[in-house]
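Summary of structural features
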Amino acid sequence: MNGPIGIFDSGIGGLAVARAVKDLLPQESIVYFGDTAHLPYGDKAGATIQAHAIRICNFLLKRQCKVILIACNSVSAVAYDLVCAHVGQRAAVLNVIDPMIDYIGSQFQGQLIGLIGTQQTIHSRVYEKKIQALRLGIQLRAVATPLLVPMSEARFTQGISLETIHNYLKNPALRYIKALILGCTHYSVIKTSIKAFYQHQLSVMDAAEVTATYLQRFLFRHQLLSTRLLAEDHFVASALTADFERATHIFFGHKVHLERLLV
Ligand code: DGL
């Protein structure tokens, strides 16, 4: 099956996931969509996020994607079921939460885990519900950290504020955790600073590699792996911001072609 993998996020967050997918599956073509004209998603109403997700899926379906990978926790939290129903048999739909839940279940039974993410992701309680359903004695402490999204988006053009990161991580709710889930794909680009806060003594997990591995297994199981020798990638954004351009070039090199399209 040689259709591309469609990957989307509100902005640069999903690029880390796309990079991990490319590293693991170089023969797969990627169509990446960053909805930079409408970010941030995480503070918006669920219905607004759902409407954005449906528009983007329609675009990715037009580009013949065989799989749509929602590389955004906020969309995965509030729009995954709707997107699956909308897409139906036209493509497979994956999110970034289920791969993380599988991973947590395999590594952290009986432990206390922290989660940081956007307001929508945290308030949806989707991680709690899925972790409870595992029945492995894993407890979750979740904290919304919305200011980390604009900071991560501008990471490569304006730098970051360690004070903001530290203020969030000092939240007493996160005091005794054994590992921390970065429940927003944007936070991958500030992961090093988060690890440094914990003096590299704590597992800090983002969606990138676990999702890429999950996707690889999914493609294999459903006989969807590409048989191409050469794969071409496309990067599309609803607004071509300096942040998006810089981040795309950092993740994928300077030769990539960026397209601006309001879908
Ligand atoms: N990167 C997204 C997430 O994983 C959305 C961030 C935002 O736009 O608020 O939640």
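Scroll up to find the structure.
Described in the following lines is the structure provided in the data block. (Residues numbered from 1 in each chain as written. Predicted model: local features only at pLDDT ≥ 70, side-chain atom pairs only at ≥ 80, totals over all residues. Heavy atoms only, no water.)

1. Details of the packing of helix H1 (residues 13-24) against helix H12 (residues 242-252)
Remark: H1 packs on H12, axes separated minimally by 10 Å, with the N-to-C direction vectors making an angle of 20 degrees. Judged by the inter-axis angle, H1 sits roughly parallel to H12. Judged by the sense of rotation from one axis to the other, the crossing of H1 with H12 is right-handed. Contacts between H1 and H12 involve Leu15, Ala16, Ala18, Arg19 and Lys22 on the former and, on the latter, Phe244, Ala247, Thr248, Phe251 and Phe252. Its residues assigned to classes, the contact of H1 with H12 shows seven nonpolar, one polar and two charged. (Axes fitted to C-alpha atoms, helices over the stretch in contact; angles between N-to-C directions. Helix = DSSP H or I, 4+ residues; strand = E, 2+ residues; numbered from the N terminus. Parallel < 35°, antiparallel > 145°, perpendicular 65-115°, else oblique. Left-handed = near helix turned anticlockwise from the far one by under 90°. Contact = heavy atoms within 4.5 Å. Nonpolar A, V, L, I, M, F, W, Y, C, P; charged D, E, K, R; others polar.)

2. Remarks on the pairing of strand S2 (residues 30-34)
Extensive coverage of S2 is indicated by the burial of five of its five residues. Every second residue of S2 is oriented toward a common face, with Ile30, Tyr32 and Gly34 on one face and Val31 and Phe33 on the other, all of them buried. Pairing of strand S1 (residues 5-9) with S2 involves five bridges; the strand directions are parallel. Each bridged residue has a counterpart across the sheet, and for isoleucine 5 the counterpart in S2 is isoleucine 30. With respect to chirality, the unit in which S1 leads through H1 into the neighbouring parallel S2 is right-handed. In this structure, S2 lies alongside strand S9 (residues 234-237), joined through four bridges in parallel fashion. Considered in S9, the bridge of phenylalanine 33 is made with valine 236. (Buried < 20%, exposed > 50% of the residue type's maximum accessible area, 1.4 Å probe, protein only. Pairing = 2+ DSSP bridges. Right-handed = clockwise from strand over helix to strand, strands pointing away.)

3. Brief notes about the sheet that holds strand S3 (residues 67-70)
Spatially, six strands are ordered S4-S3-S1-S2-S9-S10 in an open sheet, and the strand pairing comes out parallel. Unpaired on one side and paired on the other, strand S4 (92-94) and strand S10 (258-260) mark the two borders of the sheet. The average undirected angle you get between the axes of adjacent strands in this sheet is 20 degrees. Of the strands in this sheet, S1, S2, S3 and S9 touch H1, which is tilted by about 170 degrees from S2. The strands touched by helix H2 (residues 46-62) are S1, S2, S3 and S9; relative to S1, the strand with the most contacts, the crossing angle is about 155 degrees.

4. So, the packing of helix H4 (residues 97-107) against helix H6 (residues 126-134)
Close contact between H4 and H6 brings their axes to 10 Å; oriented N to C, the two are set at 40 degrees. The orientation of H4 relative to H6 falls into the category oblique. Seen from above, H4 lies across H6 with right-handed handedness. Across the interface between the two elements, Ile97, Asp98, Met100, Ile101, Ile104 and Gly105 from H4 touch Val126, Tyr127, Lys130, Ile131 and Leu134 from H6. Taken together, the residues of the contact of H4 with H6 sort by class into eight nonpolar, one polar and two charged.

5. A word on the site of the ligand
Looking at the ligand, there are 13 residues lining it, with Ser10, Tyr41, Gly42, Ser74 and His186 nearest. Measuring from an oxygen atom of the ligand, one finds a backbone N or O atom of glycine 42 at 2.7 Å. Between asparagine 73 and the ligand, the recorded distance is 2.7 Å, taken from a backbone N or O atom to an oxygen atom. Within the complex, the protein chains bury 99% of what would otherwise be the 300 Å² of accessible surface of the ligand. The cavity where the ligand resides is the largest cavity. Residue classes in the shell around the ligand are distributed as five nonpolar, seven polar and one charged. (Near = heavy atom within 4 Å. Polar contact = N/O pair within 3.5 Å; in protein donor to acceptor, adjacent residues only side chain to side chain. Areas by Shrake-Rupley, 256 points an atom, 1.4 Å probe, with all protein chains shown as cover. 1 Å grid on protein atoms, 1.4 Å probe; cavity = no way out; pocket = protein on both sides within 12 Å on 5 of 7 lines; lining within 4 Å. Sits in = over half its atoms within 2 Å of the grid points.)

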